[in-house]
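What follows is the residue order along each chain.
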Amino acid sequence: MVTLLTESGEHEVTGAEASTEALWCSANDALRATGWAPKPEGLCKGEVCVPLPAGREREFVDGGRINLAAFWRHLGQPAVRSERGHVWVLSESARERKAALASLEAPDFALPDPSGRLHRLSDYRGKKVLLVTWASW
C-alpha cells in the first residue's frame, strides 16, 4: 500500500507498485487521487488533455495502469517519495504556486456556521468578506 498526498488530500492506494522512479497505480486510483484519467487523446483532467510523447506512451500508461510519477515529471511538477517508497507527494510546481500567490486569490475552502450549514469561500467571490478566526493556543 502507498500513501499518496495530492492537492485533493491524502489517498491510500492499495494496488500501487512503487520503485525509485515510478509509481504505477490503477486508472481508477489515479482519477480519485489526482483527477487525471487516460483517454485516446492522452491523460485528461476534465476538458484538459495532455498528449503523451509519441513512442513513449507505455512509460506513462500500460494496461489500465498509470505511472503517476512519470506523468507528474512530464508536466514539470515535482513527484517525491519517502526513502522506503511507501509515501509519495505529487505537488504543483513552484511556478504555479508563485502565480497563485501573486494573484492574491485565496484558495477555496468550506466551513460550517454554528447551525452546521457549509459556506464556501467561492460562494462569496466578488463580494467583501470578513473572515474572523480564533485559536486557544
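Let us look at the structure shown here. (Residues numbered from 1 in each chain as written. Predicted model: local features only at pLDDT ≥ 70, side-chain atom pairs only at ≥ 80, totals over all residues. Heavy atoms only, no water.)

If you tally the helices and strands in the chain, you get three helices and 13 strands. For the chain, the C-alpha radius of gyration of 18 Å lies well beyond 14 Å, the compact-globule estimate for 137 residues. If you line up the chain on its principal axes, its C-alpha atoms span 55 × 30 × 25 Å. Counting over 137 residues, the chain shows a buried share of 30%. Intrachain contacts of the chain at a sequence separation of at least 6 include 38% that bridge at least 24 residues. Split by element, the accessible area of the chain, about 9500 Å² in all, is 56% carbon and sulfur. The centroid of the 17 positive side-chain charges in the chain is displaced by 5 Å from the centroid of its 18 negative side-chain charges. (Helix = DSSP H or I, 4+ residues; strand = E, 2+ residues; numbered from the N terminus. Rg over C-alpha atoms; globule rule 2.2 N^0.38 Å. Buried < 20%, exposed > 50% of the residue type's maximum accessible area, 1.4 Å probe, protein only. Contact = heavy atoms within 4.5 Å. Areas by Shrake-Rupley, 256 points an atom, 1.4 Å probe, with all protein chains shown as cover. Lys, Arg positive; Asp, Glu negative; His and termini not counted. Charge placed at Lys NZ, Arg CZ, Asp CG, Glu CD.)

Its place among the elements puts Thr-3 in strand β1 (residues 2–6). Within the local environment of Thr-3, its side chain forms a polar contact with the side chain of Glu-12, the two groups lying 3.1 Å apart. Sequence-distant contacts of Thr-3, defined by excluding residues within four places in its chain, comprise Glu-10, His-11, Glu-12, His-86, Val-87 and Trp-88. (Polar contact = N/O pair within 3.5 Å; in protein donor to acceptor, adjacent residues only side chain to side chain.)

Here we come to the sheet that holds strand β6 (residues 42–45). Taken together, three strands build an open sheet; the order of strands is β5-β6-β7 and the sheet is antiparallel. Each edge of the sheet is formed by a strand with only one pairing partner; in this case those strands are β5 (37–39) and β7 (48–50). Going across the sheet, the axis of each strand differs from the next one's by a mean of 40 degrees, ignoring polarity. As paired strands, β5 and β6 are joined by three bridges and run antiparallel to one another. Across the sheet, residue Pro-38 finds its bridge partner in β6, namely Leu-43. (Pairing = 2+ DSSP bridges. Axes fitted to C-alpha atoms, helices over the stretch in contact; angles between N-to-C directions.)

Counted under the stated rule, the structure contains two aromatic pairs. Measuring from ring centre to ring centre gives 5.0 Å for Trp-36 and Phe-71, while their planes differ by 70 degrees; the resulting arrangement is edge-to-face. Taken together, the residues Trp-36 in the loop between α1 (27–34) and β5 and Phe-71 in helix α2 (residues 68–74) connect sequence positions 35 residues apart. Of the two residues, Trp-36 and Phe-71, neither departs from the other in class, the shared state being buried. A centroid spacing of 6.4 Å and a plane angle of 70 degrees characterise the contact between Phe-71 and Trp-72, whose relative ring orientation is edge-to-face. (Phe/Tyr/Trp six-rings, centres within 6.5 Å; stacked < 30°, edge-to-face > 60°.)

Let us now look at the pattern of salt bridges. Tallied over the full model, the rule gives seven salt bridges. As a salt-bridge pair, Asp-62 and Arg-58 come within 2.8 Å of each other at their nearest N and O atoms. For Asp-62, a relative accessible area of 27% gives the class partly exposed. (Salt bridge = Lys/Arg side-chain N within 4 Å of Asp/Glu carboxyl O.)

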